Every structure is written in structure tokens, then in C-alpha cells.
Amino acid sequence: MIYGTGIDIVKTERIREAVKRFGEKFLERVFTRDEICYAYNKKDPFLPLSVRFAAKEAFIKALSHDQYIPLTDIEVRNQGNGRPVLELHGKTGELLKKKEIQAVHLSLSHEKDYGVACVVIEGMR
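Since the model is a prediction, treat every value here as computed from it, not as a measurement.

Calculation criteria
What you see as residue numbers is a count from 1 along each chain, following the sequence as written. Local features in a predicted model are, by the rule used here, given only for residues with pLDDT of at least 70; side-chain atom pairs are given and counted only at 80 or more, and totals for whole chains, interfaces and linings are based on all residues. Computation of side-chain values: all heavy atoms of the structure, hydrogens and water removed. The pairing criterion is simple: DSSP has to find at least two bridges between the two strands. Helix numbers and strand numbers start at the N terminus; a helix is a DSSP run of H or I with at least 4 residues, a strand a run of E with at least 2. Each residue's exposure class comes from its accessible area (1.4 Å probe, protein chains only) as a fraction of the maximum for that residue type: buried when under 20%, exposed when over 50%, partly exposed otherwise. The directions from the helix axis to the C-beta atoms are what the arc is built from. Two residues form a contact once any of their heavy atoms are found within 4.5 Å. In a helix, the anticipated span is given by 1.5 Å times the number of residues less one.

> So what about the pairing of strand S3 (residues 84-88)? Which residues, and what values?
Summarising the sheet, strand S2 (residues 74-78) and S3 pair through five bridges and their orientation is antiparallel. When the sheet's bridge partners are listed, isoleucine 74 is paired in S3 with leucine 88. Once S2 ends, the chain turns through five residues before running back antiparallel as S3, passing glycine 82 with a positive phi of about 95°.

> Any details on the pairing of strand S4 (residues 101-111)? Residues and values, ideally.
Sheet topology places S4 next to strand S5 (residues 114-123); 10 bridges connect them, and they run antiparallel. In the strand pairing of S5, glutamate 111 is matched with tyrosine 114. Connecting the antiparallel pair S4 and S5 is a turn made up of two residues.

> An account of helix H1 (residues 12-22) is needed here, citing residue identities and associated values.
Of all the positions in H1, only Thr12, Ile15, Ala18 and Val19 are classed as buried. End-on, the buried residues of H1 take up no more than an arc of 130°, which puts them together on one face. Facing away from the buried surface of H1 by more than 90 degrees, the exposed residues are Arg14, Lys20 and Arg21. Residues of H1 that are buried sit in contact with strand S1 (2-11), helix H2 (24-30), helix H3 (33-40), helix H4 (46-63), S4 and S5. Downstream of H1 by a residue or two, glycine 23 has a phi angle that is positive, lying close to 60°.

> Outline H4, listing residues and values.
Since one α-helical turn is 3.6 residues long, residues separated by three or four positions face the same way. End to end, H4 covers 26 Å across 18 residues, agreeing with the expected 26 Å (1.5 Å per residue, within 8%). With 15 of 18 residues buried, H4 is to be regarded as a mostly interior element. Downstream of H4 by a residue or two, serine 64 has a phi angle that is positive, lying close to 50°.

Shown next as C-alpha cells:
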């Protein structure tokens, strides 16, 4: 059964400006170390950063939880075939167990100026 859905779009320039203005402080507040390394191994790191930011926001929308969720608890990883998946850490991972979430599905896309993500959460509800 569908527990929730979320979608988000992020302009790449928004992430570029945040990194320019706040530097490592911004990156470490929003992304995991692995996400940062992955992005900075690409030609333009702001495309993968923007799509990962969109994924985190889409997940929060799909979860519909009324308490703060640290963005670093939500990590986008790629499977061996390149398929993106969400790994949930800390209190967010515990929250999913408590809510009896069965699966979290993620779809990402990006283009020169935008990153977009869609999340579907399956649960017991």
C-alpha cells in the first residue's frame, strides 16, 4: 500500500550559490561524505548535488512527518547498475521501522539547470 509520495525540483544554480556562500559548512550539513565525494568526482558536481538535494526533499514530503529530519540521515547511493536508492540512517532509519515502512522507491533525473526527484514510500497503513 502506498504510504506517501513526494516530488521536488532544485535549480542547479541554487546549490552552486549555497556552496559558494557557505562552503563546506553547507555541504556537511546537507550531504553525507560519500555523496560529496561522488559529486565532486563528476565534471559538474552541482548536477548530482542538486538531484540529491531534491531526493532528500522529496523523501521528507513523502514521509509526511511533523518533526525535523536531518538531511544527512537521508543518503542517495547508486547500486552497481547505476540505479539510485535511498539509505536512511540514524533516527530516520528508526522512524521507518516504527512506521512499518516496507520499501522506499526513488527516481532521479537532471538536466543542465535542474535536478528532480520522485519518491514513493510503501507501508502497512
